[in-house]
Amino acid sequence: MIEIKRGDELGESARRGLTQVLVHGFAEDFSYFSPDPEVLTDAFVHMLLLERFHVALVDGRPAALATVTEGDQECFAPSRREFQRALGRVHGLISYLIIRSQFLGAYDGARPGLAEIGFVTTAPQHQGRGVATALMKHLLRLPYDEFVLRDIKDNNAPALALYRKLGFRETQTRPVKFARRAGFSEYVSMGLRTGK
């Protein structure tokens, strides 16, 4: 059975498990910081704003997650000191600065009634079992009149197919610098108006 809860409803004891799902889902994107999932978890665990995370639980354990933000809300609150503790003084500082520049900042079109869904990921052992679909359907019932998804890799066919199936439409593409090295050529953004 799939149950959906907000991260803050699960409490601090769930923080590490949520971070592990996030780290495994975005391991390729986070590989600069460290190739080791446990080191990444140690570096990132402090920064999750649990009230922004929605979690799909299977048998009481985190199986998928996504963030929901509105306006200038953030889903992370990174600490330079915590990054340096986990990654070393210099690498931790650089990593902290990268997180601040790449993962913080509101959607340009932010307004009341519009929610940005981000960092959608499913733990590897739960992929292909409808967990992300259940989570997304839950999020789309939240009281917003429009949802946006930003910066989906164009080679992430399962995610793009799911979002299209749920009614999202492509709103923008953005080319990637050094596409050959990155392994994909564009970021895709999508939107859905609900009329709520």
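Analysis parameters
Residues numbered from 1 in each chain as written. Predicted model: local features only at pLDDT ≥ 70, side-chain atom pairs only at ≥ 80, totals over all residues. Heavy atoms only, no water. Helix = DSSP H or I, 4+ residues; strand = E, 2+ residues; numbered from the N terminus. Rg over C-alpha atoms; globule rule 2.2 N^0.38 Å. Buried < 20%, exposed > 50% of the residue type's maximum accessible area, 1.4 Å probe, protein only. Contact = heavy atoms within 4.5 Å. Areas by Shrake-Rupley, 256 points an atom, 1.4 Å probe, with all protein chains shown as cover. Lys, Arg positive; Asp, Glu negative; His and termini not counted. Charge placed at Lys NZ, Arg CZ, Asp CG, Glu CD. 1 Å grid on protein atoms, 1.4 Å probe; cavity = no way out; pocket = protein on both sides within 12 Å on 5 of 7 lines; lining within 4 Å. Points joined across faces, edges and corners; volume = space filled by probe spheres on them. Nonpolar A, V, L, I, M, F, W, Y, C, P; charged D, E, K, R; others polar. Pairing = 2+ DSSP bridges. Right-handed = clockwise from strand over helix to strand, strands pointing away. Arc of directions from axis to C-beta. Core = buried A, V, L, I, M, F, W, Y, C linked by side-chain atoms within 4.5 Å.

Enquirer: So, the overall build of the protein: which residues are in play, and what are the values?
Expert: The secondary structure content of the protein amounts to 8 helices and 7 strands. The C-alpha radius of gyration computed for the protein amounts to 16 Å, which stays within 12% of the reference 16 Å derived for 196 residues, consistent with globular compactness. Summarising its shape, the C-alpha atoms of the protein cover approximately 50 × 40 × 35 Å along the three principal directions. The buried share of the protein, reckoned over its 196 residues, is 43%. The long-range fraction of contacts in the protein, counting pairs at least 24 apart against all pairs at least 6 apart in sequence, stands at 71%. As displayed, the protein has an accessible area near 10,600 Å², and 49% of this comes from carbon and sulfur atoms. Taking the 26 positively charged and 23 negatively charged side chains of the protein as two groups, their mean positions are separated by 2 Å.

Enquirer: Outline helix H6 (residues 131-139), supporting the account with residue identities and numerical values.
Expert: In an α-helix, one turn spans 3.6 residues, which is why side chains three or four residues apart end up on the same side. Residues of H6 that are buried include every one of Val 131, Ala 132, Thr 133, Leu 135, Met 136 and Leu 139, and no others. Each element contacted by the buried residues of H6 is listed here: strand S1 (2-6), strand S2 (53-58), strand S3 (61-70), strand S4 (114-122), strand S5 (146-153) and helix H7 (157-165).

Enquirer: Could you give an account of unusual backbone geometry, naming the residues involved and the relevant values?
Expert: For Asp 59, which is not a glycine, the phi torsion comes out positive at approximately 55°. Given the relative accessible area of 68%, Asp 59 is considered exposed. Here the phi dihedral of Phe 119 falls at roughly 50°; this positive angle occurs in a residue that is not glycine.

Enquirer: Just give me the short version of the layout of surface pockets, but keep the residues and values in it.
Expert: A volume near 220 Å³ is recorded for the second largest pocket. Together, Gly 17, Gln 20, Val 21, His 24, Glu 38, Arg 61, Pro 62, Ala 123, Pro 124, Gln 125 and His 126 line the second largest pocket. Of all the secondary structure elements, the ones that give two or more residues to the lining of the second largest pocket are helix H2 (15-25) and S3. Partitioned by chemical class, the residues of the lining of the second largest pocket number 4 nonpolar, 5 polar and 2 charged.

Enquirer: Before we move on, can you summarise the pairing of S4 with the specific residues and values?
Expert: In regular strands, side chains alternate between the two faces of the sheet. Among the 9 residues that make up S4, 9 are buried, leaving the element largely enclosed by the rest of the structure. In the sheet, S3 pairs with S4 via 6 bridges, with the strands oriented antiparallel. Paired with Thr 67 across the strands is Gly 118, a residue of S4. With 4 bridges joining them, S4 and S5 adopt parallel strand pairing. Across the sheet, the residue bridging to Glu 116 is Val 148, located in S5. Crossover S4 to S5 through H6 is right-handed.

Enquirer: Lay out helix H4 (residues 80-87) with the relevant residues and their values.
Expert: Of all the residues in H4, the buried ones are Phe 83, Gln 84 and Leu 87. Looking straight down H4, one finds its buried side chains confined to an arc of 95°; they lie on one side. Counted as exposed and oriented over 90 degrees from the buried face of H4: Arg 81 and Arg 85.

Enquirer: Could you give an account of the nonpolar core, with specific residues and numbers?
Expert: Nonpolar side chains in soluble globular proteins tend to be buried together. Grouped together as the largest cluster of nonpolar side chains are 29 residues, with contacts concentrated most on Ile 117, Met 136, Leu 139, Tyr 163 and Phe 168. Counting only elements with at least two residues in this core, the list comes to S2, S3, S4, H6, S5, H7 and strand S7 (186-193). Among all residues touching Leu 139, those that are not within four sequence positions of it are His 54, Ala 66, Val 68, Ile 117 and Phe 147. Membership of the second largest hydrophobic core comes to 27 residues, among which are Val 21, Leu 22, Tyr 96 and Ile 99.

Enquirer: Describe the pairing of S7, with residues and values.
Expert: Summarising the sheet, S5 and S7 pair through 6 bridges and their orientation is antiparallel. Paired with Val 148 across the two strands is Gly 191, which belongs to S7. In this structure, strand S6 (residues 169-175) lies alongside S7, joined through 6 bridges in antiparallel fashion. From the neighbouring strand, Gln 172 faces S7, where its bridge partner is Ser 189.

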